[in-house]
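Structural characterization, general
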Amino acid sequence: MRVERIGFEGFRNLRAGEMIAQEGINVIYGDNAQGKTNLLEAIWLFTGSRSFRGARETSLVTAGQERARLELDFVAEGRQQNAALLIQKGRQAVLNGVKLRSGNQLAGHFRAIVFSPSHLTLVKDGPEERRRFLDGAIGQLWPKYTSLYQAYLRAVAQRNALLKDARFHTQLLDMLEVYDREIAHKGARLVDYRLRYLARLRPYAEEIYAGIAGGREEIGVAYDGLPDGSREEALMTALKLARKEDLASGATGVGPHRDDVALTVAGMDARQFASQGQQRSVVLALKLAEAAVLRDVAGEQPVALLDDVMSELDEKRQDYLLRHIRGWQVFLTGCDAAVVRRMNTGAVFRMEGGVLTKEG
Ligand SMILES: Nc1ncnc2c1ncn2[C@@H]1O[C@H](COP(=O)(O)OP(=O)(O)O)[C@@H](O)[C@H]1O
Ligand SMILES: [Mg+2]
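As the structure is a computational prediction, the values presented were derived from the model and not from experiment.

Taken together, 15 residues form the shell around ligand 1, and within it Ala33, Lys36, Thr37, Asn38 and Arg53 come nearest. One of the backbone N or O atoms of Asn38 is found 2.8 Å from an oxygen atom in ligand 1. Ranked by residue count, the leading element in the shell around ligand 1 is helix H1 (residues 36-44), at 3 residues. Here the residues of the shell around ligand 1 sort into 3 nonpolar, 8 polar and 4 charged.

A few words on the pairing of strand S5 (residues 79-87). Where strand S4 (residues 68-76) and S5 come together, 9 bridges link them in antiparallel fashion. Of the residues in S5, the one forming a bridge with Leu72 is Ala83. Between S5 and the antiparallel strand that follows it, strand S6 (residues 91-95), lie 3 residues.

The subject of this paragraph is the packing of aromatic side chains. All told, the structure shown has 6 aromatic pairs when counted by the stated rule. Ring geometry for Trp44 and Phe52: centres 6.4 Å apart, planes at 70 degrees, overall edge-to-face. Here a set of aromatic residues connected by ring pairs shows up, and it is made of Trp142, Tyr145, Tyr149, Tyr152 and Tyr193. Just above the ring of Tyr193 sits the side chain of Arg196; from NZ or CZ to the centre is 5.1 Å.

Attention now moves to the packing of helix H6 (residues 173-213) against helix H10 (residues 315-324). At a closest axis distance of 8 Å, the pairing of H6 and H10 adopts a crossing angle of 140 degrees. With respect to each other, H6 and H10 are oriented oblique. Note on element contacts: H10 touches H6 through Arg317, Tyr320 and His324, opposite Glu207, Ile208, Gly211, Ile212 and Ala213. Looking at the contact of H6 with H10 residue by residue, the class counts come to 4 nonpolar, 2 polar and 2 charged.

With that settled, consider the side chain of Arg159. Mapped onto the secondary structure, Arg159 falls in helix H5 (residues 144-166). Look past the residues within four positions of Arg159 in its chain and what remains in contact with it is Leu176, Tyr179, Asp180, Ile183, Leu239, Arg243, Asp246 and Thr252.

We now examine the environment of Gln92. Examined against the element boundaries, Gln92 turns out to sit in strand S6. Each C-alpha atom of the pair Gln92 and Ser116 lies 25 Å from the other, and the pair is 24 residues apart in sequence. Leaving out residues up to four positions away in the same chain, Gln92 has contacts with Ala84, Leu85, Leu86 and Lys99.

The next point concerns the domain arrangement of the protein. Partitioning the protein into structural domains gives domain 1 (1-111 + 300-360) and domain 2 (113-299). Summarising the inter-unit geometry, the C-alpha centres of domain 1 and domain 2 are found 28 Å apart. Facing the 25 residues of domain 1 at the interface are 26 residues of domain 2. Our count for the domain 1 to domain 2 interface comes out at 0 salt bridges. In this structure, the connection of domain 1 to domain 2 is made through 8 residue pairs in polar contact (both at pLDDT 80 or more). Put simply, the parts of the chain that give the side of domain 1 that touches domain 2 at least two residues each are strand S12 (303-306) and H10. Looking at the side of domain 1 that touches domain 2, its residues break down into 15 nonpolar, 4 polar and 6 charged.

Moving on to the sheet that holds strand S13 (residues 330-334). The 6 strands lie next to each other as S8-S12-S13-S3-S14-S15, forming an open sheet whose pairing is mixed. Both outer strands of the open sheet, strand S8 (112-115) and strand S15 (355-359), are each paired with one neighbouring strand and no more. Here the strands of the sheet are splayed against their neighbours by 20 degrees on average, with no regard to which way each runs. Here S12 pairs with S13 via 3 bridges, running parallel.

The rules behind the values
- Residues numbered from 1 in each chain as written.
- Chains lettered and ligands numbered in written order.
- Predicted model: local features only at pLDDT ≥ 70, side-chain atom pairs only at ≥ 80, totals over all residues.
- Heavy atoms only, no water.
- Near = heavy atom within 4 Å.
- Polar contact = N/O pair within 3.5 Å; in protein donor to acceptor, adjacent residues only side chain to side chain.
- Helix = DSSP H or I, 4+ residues; strand = E, 2+ residues; numbered from the N terminus.
- Nonpolar A, V, L, I, M, F, W, Y, C, P; charged D, E, K, R; others polar.
- Pairing = 2+ DSSP bridges.
- Phe/Tyr/Trp six-rings, centres within 6.5 Å; stacked < 30°, edge-to-face > 60°.
- Lys NZ or Arg CZ within 6 Å of the ring centre and 35° of its normal.
- Axes fitted to C-alpha atoms, helices over the stretch in contact; angles between N-to-C directions.
- Parallel < 35°, antiparallel > 145°, perpendicular 65-115°, else oblique.
- Contact = heavy atoms within 4.5 Å.
- Domains from an automatic or database assignment.
- Salt bridge = Lys/Arg side-chain N within 4 Å of Asp/Glu carboxyl O.

Right, dumping it as structure tokens:
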């Protein structure tokens with residue numbers, strides 16, 4: 001997977017322009033608030049995912065402008081491809097001249113992983129962030145997963161509506177069974193995907209974490225949901241058991257939409273016990289492991305978008321990271337030009353006030 005060119009117009013603070021990317025490492029450096037992360041965000045949107053900053057479409061468009069237009073020339077599956085994104089209230093996408101139904105449909109065509117300081121929420125926040133990571137990663141790998149998940153969520157929403165109505169119309173209770181069955185069926189398949197994914201991710205996460213942390217302690221990555229065995233039946237039983245509580249709350253309290261990924265460092269909950277540096281290493285290890293799994297399954301190394309990653313790592317960890325990403329195409333942002341010089345490979349760009357300039 002390789003980006004050849006990204007063009008942008010009306011996107012955040014970026015002045016209309018383009019970046020001709022190189023193979024290997026592309027460094028973008030500059031002071032704070034100049035537009036470096038915005039550029040990575042623009043590239044990221046071509047994965048079909050939403051902004052990694054959780055931004056809505058309207059905040060992606062330059063203040064005072066109507067729409068943003070992004071273009072990407074890239075090489076994937078051994079051929080030259082081209083995609084365009086028009087961002088207005090929603091997103092419209094065109095891939096190789098063909099209009100897609102939505103921006104999400106780009107998923108599986110252009111693949112990337114992104115690490116940014118905002119991803120520390122993956123360790124620090126609640127289960128939702130970890131599910132988002134898992135669902136995003138699996139969706140890029142197997143786009144069918146995303147439609148299955150959406151169908152599952154629709155069934156949950158219907159069950160929730162029924163839970164609320166059934167308080168006043170008890171004859172509706174019989175219908176809950178129908179939704180329980182559907183949720184259990186789809187939910188079990190979702191959990192299968194997630195377990196299969198984690199089984200692939202785990203060995204890489206362990207190896208990479210050991211590399212970053214210098215082998216001092218171990219990372220643990222485990223699915224936190226229903227027990228093994230027949231998952232569909234287990235989920236069916238759990239839904240029945242939760243029914244009383246669900247009727248009271250009007251929401252479905254069990255199922256993959258509530259599951260979690262337990263992250264540990266040296267056997268202890270990373271959220272509570274890991275230091276800031278360890279938490280950062282956990283997230284970085286997960287993101288680099290995500291790239292490894294994408295490479296294994298899709299047969300192509302995804303593009304890596306690494307936002308502000310160097311500044312927080314000491315020299316040994318920086319060296320590990322640089323060795324690890326050798327041969328990948330990487331977009332690496334930072335404030336410090338000195339770090340850039342240490343690498344003496346690839347291209348260097350400077351970002352200033354939304355204007356991107358190539359150096360040397
Ligand atoms: N929709 C927008 N319109 C105009 N400017 C924006 C918009 N969204 C963000 N910005 C500006 O972009 C700048 C931040 O860019 P960012 O890429 O986060 O900087 P950094 O170089 O530190 O990574 C801020 O000055 C912010 O005000
Ligand atoms: Mg930034």
